[in-house]
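# Architecture at a glance
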Amino acid sequence: MPLTAVLEPGGDLSTLLYVLAFSLFIIGIKQGTSPTTAKRGNLIAAVGMAIAVVTTLLLDGIGNWGVIVAGLLVGGAIGVVASIRVQMTQMPQMVALYNGVGGGAVALIAWSEFRHGAGGDFPLESFIPILLAAVIGSVSFWGSNIAFAKLQDLIPTRPLAVPGQQVINAVLLAAIVVICIVLGINHNDDPSQALFILILVAAALLGNLVVLPIGGADMPVVISLLNALTGLSAAAAGFALDNVALIVAGTIVGSSGTILTMEMATAMNRSVPNILFAGFGGAPAGAAGSTEERPHRSIGAQDAAIALAYADSVVIVPGYGLAVAQAQHAVKEMADELEKRGVEVRYAIHPVAGRMPGHMNVLLAEADVPYEKLVEMEDINPDMPRTDVAVVIGANDVTNPAAKDDPDSPIAGMPIIEVSEAKQVIVVKRSLSPGFAGIDNDLFYLDKTAMLFADAKKAAQEVAGEVTNL
Amino acid sequence: MDLVTEFTIFVLAAFVGFEVISKVPTTLHTPLMSQTNAIHGIVMLGGLIVAGFADGALELTLAFIAIAFGTINIVGGFLVTDRMLGMFSRKRPKPADDEQGS
């Protein structure tokens, strides 16, 4: 025995230490909402976690140290290596994956608890939370894995709809509820292990089927929602295990995650039920005539370089495509070349630019773009009419003037960066293909718009080269 | 702890969670999601507890995976959040690279 148990589970000292731990979580999250304190907040929450873990390790009844040490070492090593290796562009997938393992852990803990309790006296007040933890944990694990696979391009990011989707989901959910009730009736009478495993499987299917039909661009909201769900499942496990730290931390993540999810959805002008049940982006709704060729102007890197080099003010609008092409460093070089010539360069950041709200800020910060050059949408729009050239790199729907002008557009009302107000627009894009909304972008066909058809990274490098040669 | 006490704590914690997130600048959505993500790694404690009474190969395996998953969640989550936030603070205005809003 490497350690002697000193703390009583549910005793005064262990409970007080847990209270200290979750107080630090709350302070940590609070500080995480402000740019100046976020880093410290994360550290404070991590200290809270260390206290919670050590307290638990010292509890009476903790045993099987070989398993514990092995789990800590393996998990710790994977966690460290993964967080060092991961690219900033891959952050959304990383969050999805961490989320999944959290949910998976809850489901496995619930299974363990179920085996442990079955056969003896099994009070409903721990039985019910176990079932809840199993269902939510399993949904979250599989849902997050699908989200990960979509973001990592392991499976197509477009919505994959199965016919009768909603019906299948409803049937699965009903089946889960029925099995839970059957198990609940027999809770003191050695409830069936097979039925419990069936719940895990049905919840796994449900998790897969709910996330599969959701398009890649909505994935951030889904990840955030799954994050909240995993928190709730942890709280349910806390009820089952009579552990106050799990209840509080899980619940706080559940409720704060819900708020965060709704804020994200609002920024994208989407509602959560809409994302989960509508499969928007699947069919090009209302854009039937969009396949016809419309006249547009195409230019090369050299023309773009001339337009940019002789401008006074340039606004770069980075988007999802920039993140995918990992073009942030090349774009920074291009901006540096322009600044050497006295051009004022700023970046307009749409709230949902990148693959996740705030993701573009991280990417540009990584590329050493000074913080003060990033301008939020509300602040840049009034400056647009005075901007000589707006360069749209890998962004699409967030610049579509239809959101403002066409009340029938599927994206009507979505806040956009008003690049069409600028004197001249250069759009760097691989083709005229529509964005995730599946609708044509009127911006591409304006007289003032020039299309530079190329990969974002290559285009930025070429333009930077041409600017130096001027 | 009886169920009603636990339920009381649950409800109060839910309100705390709602209150603590108010008007987050979009810049911080990604890091904050990642941080709360790390916090639900608290499930690792559950893994430690079930390891205590785990009996037989299946239960030991379940406990092992649960602990490993929970630890990945905690360690990876906090580290990656720190790395992400480091990208911001390293770029804050030049004099005194300490946190100090410009």
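Note that the coordinates shown come from a computational prediction; the quantities given were computed from them, not determined experimentally.

## Let's talk about the overall build of chain B
- Helices and strands together make up the secondary structure of chain B, namely 4 helices and 0 strands.
- Starting at the N terminus, the α and β elements of chain B follow one another as α-α-α-α.
- Relative to all contacts within chain B whose residues are 6 or more apart in sequence, the contacts with residues 24 or more apart total 59%.

## Thoughts on the overall build of chain A
- Within chain A one finds 17 helices and 6 strands.
- Along the three orthogonal principal directions, the C-alpha set of chain A runs to about 80 × 50 × 30 Å.
- Taken across its 470 residues, chain A has 54% of its residues classed as buried.
- Restricting the contact set of chain A to residue pairs at least 6 apart, pairs at least 24 apart contribute 79%.

## Looking at the packing of helix 4 (residues 91-117) of chain A against helix 7 (residues 193-211) of chain A
Residues and elements named next belong to chain A.
- Running from N to C, helix 4 and helix 7 cross one another at 170°; their axes reach a closest spacing of 11 Å. Our classification of the angle between helix 4 and helix 7 gives roughly antiparallel. Listed contacts from helix 7 to Ala107, Trp111, Phe114 and Arg115 of helix 4 are Gln193, Phe196 and Leu200.
- Of the residues belonging to the contact of helix 4 with helix 7, the class tally is 5 nonpolar, 1 polar and 1 charged.

## What to know about the nonpolar core
- Ala110, Ala237, Ala245, Leu246, Ala249, Val317 and Ile393 of chain A are the most contacted members of the largest nonpolar core, which totals 197 residues.
- In terms of residue count, the dominant contributor to this core is helix 4 (residues 56-89) of chain B (17 residues).
- Among all residues touching Ala110 of chain A, those that are not within four sequence positions of it are Ile130, Ala133, Ala134, Gly137, Ala237 and Ala240 of chain A.

## A word on the environment of Val80 of chain A
- Mapped onto the fold, Val80 of chain A is located in helix 3 (residues 65-85).
- The spatial distance from the C-alpha of Val80 of chain A to the C-alpha of Gly250 of chain A is 23 Å, given a sequence separation of 170 residues.
- Ignoring any residue separated from it by four or fewer positions in sequence, one finds Val80 of chain A in contact with Val75 and Leu79 of chain B.

## A closer look at helix 5 (residues 124-151) of chain A
Residues and elements named next belong to chain A.
- Between the first and last C-alpha of helix 5 there are 40 Å, a value that for 28 residues agrees with the 40 Å anticipated at 1.5 Å per step.
- Counting buried positions over the 28 residues of helix 5 gives 23, a clear majority of the element.
- Backbone geometry just downstream of helix 5 places Asp153 in the positive-phi region, at approximately 60°.

## Observations regarding the sheet that holds strand 4 (residues 389-393) of chain A
Residues and elements named next belong to chain A.
- Spatially, 6 strands are ordered 3-2-1-4-5-6 in an open sheet, and the strand pairing comes out parallel. One side of each edge strand has no neighbouring strand; the edge strands of this open sheet are strand 3 (374-376) and strand 6 (449-453). Ignoring which end each strand starts from, the neighbouring axes of this sheet average 25° apart.
- The sheet contact formed by strand 1 (residues 313-318) and strand 4 spans 5 bridges and is parallel. Each bridged residue has a counterpart across the sheet, and for Val315 the counterpart in strand 4 is Ala390.

## Concerning the packing of helix 9 (residues 244-267) of chain A against helix 1 (residues 3-20) of chain B
- As a packed pair, helix 9 of chain A and helix 1 of chain B sit with axes 7 Å apart at the nearest point and diverge in direction by 35°. The handedness of the crossing between helix 9 of chain A and helix 1 of chain B comes out as right-handed. For the pair helix 9 of chain A and helix 1 of chain B, the contacting residues are Val244, Ile247, Val248, Thr251, Ile252, Gly254, Ser255, Ser256 and Ile259 of chain A in the first and Glu6, Ile9, Phe10, Ala13, Ala14, Val16, Gly17, Phe18 and Val20 of chain B in the second.
- Partitioned by chemical class, the residues of the contact of helix 9 of chain A with helix 1 of chain B number 12 nonpolar, 5 polar and 1 charged.

## As for the interface of chain A and chain B
- Opposite the 98 residues of chain A that make contact, chain B presents 76 residues.
- Elements with a contribution of two residues or more to the side of chain A that touches chain B: helix 1 (12-31), helix 2 (38-57), helix 3, helix 4, helix 8 (219-241), helix 9 and helix 14 (359-366) of chain A.
- Per-element accounting of the side of chain A that touches chain B gives the leading share, 19 residues, to helix 9 of chain A.
- Its residues placed into classes, the side of chain A that touches chain B shows 55 nonpolar, 34 polar and 9 charged.

## Topic: the domain arrangement of chain A
- Each assigned domain of chain A is listed here: domain 1 (1-85), domain 2 (91-278) and domain 3 (294-469).
- Using C-alpha coordinates to define each centre, domain 1 of chain A is positioned 44 Å away from domain 3 of chain A.

## Description of helix 14 of chain A
- Of all 8 residues making up helix 14 of chain A, 8 are buried, and the element is well covered by its neighbours.
- Along helix 14 of chain A, the positions that sit buried rather than exposed are His359, Met360, Asn361, Val362, Leu363, Leu364, Ala365 and Glu366 of chain A.

## Topic: the confidence of the model for chain B
Residue and element names in this part refer to chain B.
- Looking at chain B, the pLDDT average stands at 85 and 86% of residues meet or exceed 70.
- Taken element by element, the predicted model of chain B shows its lowest mean pLDDT in helix 2 (residues 29-39) (91) and its highest in helix 3 (residues 43-53) (94).
- Segment residues 91-102: pLDDT under 50, and 12 contacts once partners within four positions in sequence are set aside and those in other chains are kept.

## Concerning the pairing of strand 4 of chain A
- When you tally the buried positions in strand 4 of chain A, you get 5 out of 5 residues, the bulk of the element.
- Because side chains alternate across strand 4 of chain A, one face comprises the buried residues Val389, Val391 and Ile393 of chain A, and the other comprises Ala390 and Val392 of chain A, equally buried.

## Regarding unusual backbone geometry
- For Asp153 of chain A, which is not a glycine, the phi torsion comes out positive at approximately 60°.
- Considering the arrangement of structural elements, one finds Asp153 of chain A in the loop between helix 5 and helix 6 (165-185).

## Focus: the confidence of the model for chain A
- Confidence along chain A averages 87 in pLDDT terms, with 95% of residues attaining 70 or more.
- Note on residues 280-291 of chain A: pLDDT is under 50 here. Beyond four places in sequence and across chains, it has 22 contacts.

## Some remarks on the pairing of strand 1 of chain A
Residue and element names in this part refer to chain A.
- Judged by how many residues are buried, strand 1 sits mostly within the fold: 5 of 6 residues are covered.
- Where strand 1 and strand 2 (residues 344-349) come together, 4 bridges link them in parallel fashion. Paired with Ile316 across the two strands is Tyr347, which belongs to strand 2.

## Here we look at the environment of Asp153 of chain A
- When the 11 C-beta atoms within 10 Å are taken as the criterion, Asp153 of chain A is described as exposed.
- Residues Asp153 of chain A and Gln93 of chain A lie 60 residues apart in sequence; the distance between their C-alpha atoms is 10.0 Å.

Rules of the game
Residues numbered from 1 in each chain as written. Chains lettered and ligands numbered in written order. Predicted model: local features only at pLDDT ≥ 70, side-chain atom pairs only at ≥ 80, totals over all residues. Helix = DSSP H or I, 4+ residues; strand = E, 2+ residues; numbered from the N terminus. Contact = placed C-beta atoms within 7 Å. Buried ≥ 20, exposed ≤ 12 C-beta atoms within 10 Å, placed from the backbone. Axes fitted to C-alpha atoms, helices over the stretch in contact; angles between N-to-C directions. Parallel < 35°, antiparallel > 145°, perpendicular 65-115°, else oblique. Nonpolar A, V, L, I, M, F, W, Y, C, P; charged D, E, K, R; others polar. Core = buried A, V, L, I, M, F, W, Y, C linked by C-beta atoms within 7 Å. Expected span 1.5 Å × (residues − 1). Pairing = 2+ DSSP bridges. Left-handed = near helix turned anticlockwise from the far one by under 90°. Domains from an automatic or database assignment. pLDDT = per-residue confidence, 0-100.

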